[in-house]
Amino acid sequence: MAAISGILLEENLNIVSMNEYVDKAENRFYMRLEVEQPADVVTLENQLKNILPDDAVIGINPNPQKKIVVLVTKEYHCLADILIRNFFGTLGATVQAVIGSYDNLQDLCRRFEVPFYPVLYDFSVPKEASEQKIISLIKQFEPDYVVLAKFMRILSPDFVSQFPQQLINIHHSFLPAFIGANPYRQAFERGVKLIGATAHFVTNELDEGPIITQQIIPVNHSLSAHDMMKAGQEIETSVLAKALRLVFDDRVFVHKNKTVIFE
């Protein structure tokens, strides 16, 4: 910490905030700094490399505004929240495009003047054929992140490998036993007492990627399956919004299958 701070002092960079964490089990040190003045990024990075271990990961981000592409199927609630934040400039990123495996959300995107590209899945051929179309579209926009806003498709290992630590998913977590269609109907029929959601990075292990943030709320027998679904959608929207804010603010560090987050 002293060595890093000393370099910032030499460069006349005023520290606005500093967060640090030592993971003793993994023998790793994490630090997030915000500085006030602009810096010569190349010079600063070289100076930091000179004082840090050879395998240190250094990220300097003079431009915090990210670019994203959003993937959707039929559900609108998470996409609508993203589009509204994007429209009013509070998302922390710019939505370059929305890609849908159905075309029912095209009009919503048109209202917010965001390009929508339907890539309808052809289930008569291997799913990789449809995925290749999506991959090609995404890469045209060179996004920092790809947001799966209720994109109800299981991605192939090849797809995931194209965007390492760039795919962010929202999942109806805390319902781990309820896989497949209509998870809230299944939860209702089991009489669950908690429902929630998890935002995480996507890996080849289905819904097992590094967790960014989670939230739960209590429910009881008085809620119908429809009520439970509405409550779950509100949580999903909230959790995804928080996760995106943390990621776009560069507050999330990923190591193996865990995250360190400086809120």
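Refer to the preceding data block for the structure.
Our subject in this report is the structure included herewith. (Residues numbered from 1 in each chain as written. Predicted model: local features only at pLDDT ≥ 70, side-chain atom pairs only at ≥ 80, totals over all residues. Heavy atoms only, no water.)

## Brief notes about the environment of Tyr76
In this fold, Tyr76 is placed in the loop between strand E3 (66-72) and helix H3 (77-87). Taking the C-alpha atoms as reference, Tyr76 lies 9.2 Å from Asn104; in sequence the two are 28 residues apart. Filtering out sequence-adjacent residues up to four positions away, Tyr76 remains in contact with Leu105 and Leu108. (Helix = DSSP H or I, 4+ residues; strand = E, 2+ residues; numbered from the N terminus. Contact = heavy atoms within 4.5 Å.)

## A word on the environment of Val146
In this fold, Val146 is placed in strand E6 (residues 145-148). Here the alpha-carbon distance between Val146 and Ile216, two residues 70 residues apart in the chain, equals 25 Å.

## Points about the pattern of salt bridges
Scanning all chains against the criterion turns up 11 salt bridges. Linking Asp81 and Arg85 is a salt bridge whose minimum nitrogen-to-oxygen distance equals 2.7 Å. Of the two residues, Asp81 and Arg85 both sit in helix H3, 4 residues apart, roughly one turn of that helix. Classification of Asp81 by relative accessible area gives buried; the value is 18%. Lys242 is the partner of Glu263 in a salt bridge, and the nearest nitrogen-oxygen pair spans 3.5 Å. A residue pair is termed long-range when its members are at least 10 positions apart, and Glu263 in the segment after strand E11 (258-261) and Lys242 in helix H8 (residues 225-248) qualify at 21 residues. Judged by its relative accessible area of 31%, Lys242 falls in the partly exposed class. Several salt bridges converge on common partners, so that one network encompasses Arg32, Glu34, Asp249 and Arg251. (Salt bridge = Lys/Arg side-chain N within 4 Å of Asp/Glu carboxyl O. Buried < 20%, exposed > 50% of the residue type's maximum accessible area, 1.4 Å probe, protein only.)

## A closer look at the side chain of Gln166
Topologically, Gln166 is positioned in the loop between helix H6 (157-162) and strand E7 (167-171). With near-sequence residues (within four places) excluded, Gln166 lies in contact with Pro143, Asp144, Tyr145 and Val146.

## A few points about the state of the cysteines
Disulfide: a covalent bond formed between the sulfur atoms of two cysteine residues. One pass over the structure, following the stated rule, counts 0 disulfides. The closest cysteine sulfur to the non-disulfide-bonded Cys78 is located on Cys109, 13 Å from its own sulfur. Classification of Cys78 by relative accessible area gives buried; the value is 2%. Exposure remark for Cys109: the relative accessible area of 0% places this residue in the buried category. (Disulfide = S-S within 2.5 Å.)

## Concerning unusual backbone geometry
A negative phi angle is the norm for most residues apart from glycine, just as the trans form is the norm for most peptide bonds. For Asn27, which is not a glycine, the phi torsion comes out positive at approximately 55°. Turning to its location among the elements, Asn27 is positioned in the loop between strand E1 (15-23) and strand E2 (28-35). With a relative accessible area of 72%, Asn27 lands in the exposed category. The backbone of Lys256 shows a phi angle near 55°, a positive value even though the residue is not glycine. Here Lys256 falls in the exposed class, since its relative accessible area comes to 62%.

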